[in-house]
Amino acid sequence: MKEKLYRFMMGRYGSDQFNRFLMLLGLVFFVISVFGVRGFYLGGLACLIYAYFRMLSRNTYKRSLENNRYLQYESKVKRYLSGWKRNLEQRKTHHIYKCPSCRQKIRIPRGKGKIEIRCPKCGQTFIKKS
């Protein structure tokens, strides 16, 4: 039985990160559809059908391009979320201001009162409360 499956999958694309994401998204849609939202059931079904289509496809070049595009998008989202998390952690000890002229972010420690801030990028000075 294993040999038949191996022979069947020979030359086919198989599973990758994008397929795992599609299957997980389909599962989440199915769970949401249990609560009575009809459109999510169809969305989950579409995700699973597309994931199996990708898995059984013989056009490995296009499937790998799709996976690469997904990985690029995923890395952008992860970078954005990690920066957002870092900013939330820093807000306990620092204020983060933007320069009014060049929009450069400037990090100032809290508890110093009113201070004059000089932008390291453009050199403009402005007064803010820390």
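In this text the structure is predicted, and so the values were computed from the model without any measurement. (Residues numbered from 1 in each chain as written. Predicted model: local features only at pLDDT ≥ 70, side-chain atom pairs only at ≥ 80, totals over all residues. Heavy atoms only, no water.)

Draft legend 1. Structural context of the pairing of strand 2 (residues 105–109). Side-chain alternation along strand 2 places Ile106 and Ile108 on a buried face and Lys105, Arg107 and Pro109 on a face that remains uncovered. By the bridge criterion, five bridges tie strand 1 (residues 94–98) to strand 2 in an arrangement that is antiparallel. Looking at the pairing, Ile96 lines up with Arg107 of strand 2. Once strand 1 ends, the chain turns through six residues before running back antiparallel as strand 2, passing Arg103 with a positive phi of about 65°. (Buried < 20%, exposed > 50% of the residue type's maximum accessible area, 1.4 Å probe, protein only. Helix = DSSP H or I, 4+ residues; strand = E, 2+ residues; numbered from the N terminus. Pairing = 2+ DSSP bridges.)

Draft legend 2. Layout of a nonpolar patch on the surface. Side chains of Leu24, Leu27, Val28, Val31, Val34 and Phe35 sit close together on the surface and give an oily, nonpolar patch of about 640 Å² of accessible area. With respect to the element layout, Val28 can be found in helix 2 (residues 17–33). (Patch = residues over 30% accessible without salt bridge, like charges linked within 9 Å, V, L, I, M, F, W, Y side chains within 5 Å. Areas by Shrake-Rupley, 256 points an atom, 1.4 Å probe, with all protein chains shown as cover. Salt bridge = Lys/Arg side-chain N within 4 Å of Asp/Glu carboxyl O.)

Draft legend 3. Here's a closer look at helix 2. With 17 residues, helix 2 extends 24 Å between its outermost C-alpha atoms, agreeing within 8% with the 24 Å of an ideal straight helix rising 1.5 Å per residue. Taken together, the buried positions of helix 2 are occupied by Phe18, Asn19, Leu22, Gly26, Phe29 and Ser33. One face of helix 2 carries all of its buried residues, which in axial projection span an arc of 100°. Facing away from the buried side of helix 2 by more than 90 degrees, the exposed set consists of Arg20 and Leu24. Taken together, the buried residues of helix 2 touch helix 3 (38–56) and helix 4 (60–90). (Expected span 1.5 Å × (residues − 1). Arc of directions from axis to C-beta. Contact = heavy atoms within 4.5 Å.)

Draft legend 4. Molecular detail of the nonpolar core. In this structure, Tyr97, Cys99, Ile106, Ile108, Ile117, Cys119 and Phe126 together form the largest nonpolar core, which totals seven residues. In this view, Ile108 contacts His94, His95, Tyr97, Ile115, Ile117 and Ser130; residues no more than four positions away in its chain are not counted. (Core = buried A, V, L, I, M, F, W, Y, C linked by side-chain atoms within 4.5 Å.)

Draft legend 5. Region of interest: the state of the cysteines. Counted according to the given criterion, the structure contains zero disulfides. Here Cys119 is not disulfide-linked; the sulfur of Cys102 is the nearest cysteine sulfur, at 3.6 Å. What makes Cys119 buried here is its relative accessible area of 0%. The structure places no disulfide on Cys122, whose sulfur is separated from the nearest cysteine sulfur, that of Cys99, by 3.6 Å. (Disulfide = S-S within 2.5 Å.)

Draft legend 6. Broad picture of the packing of helix 2 against helix 3. Axis separation between helix 2 and helix 3 bottoms out at 8 Å; the angle between their running directions is 160°. Viewed along their axes, helix 2 and helix 3 adopt a mutual orientation that is roughly antiparallel. When you trace helix 2 past helix 3, the crossing you get is left-handed. Residue-level contacts link Phe18, Asn19, Leu22, Met23, Leu25, Gly26, Phe29, Phe30, Ile32 and Ser33 of helix 2 to Phe40, Tyr41, Gly43, Gly44, Leu45, Cys47, Leu48, Tyr50, Ala51, Tyr52, Arg54 and Met55 of helix 3. Partitioned by chemical class, the residues of the contact of helix 2 with helix 3 number 16 nonpolar, five polar and one charged. (Axes fitted to C-alpha atoms, helices over the stretch in contact; angles between N-to-C directions. Parallel < 35°, antiparallel > 145°, perpendicular 65-115°, else oblique. Left-handed = near helix turned anticlockwise from the far one by under 90°. Nonpolar A, V, L, I, M, F, W, Y, C, P; charged D, E, K, R; others polar.)

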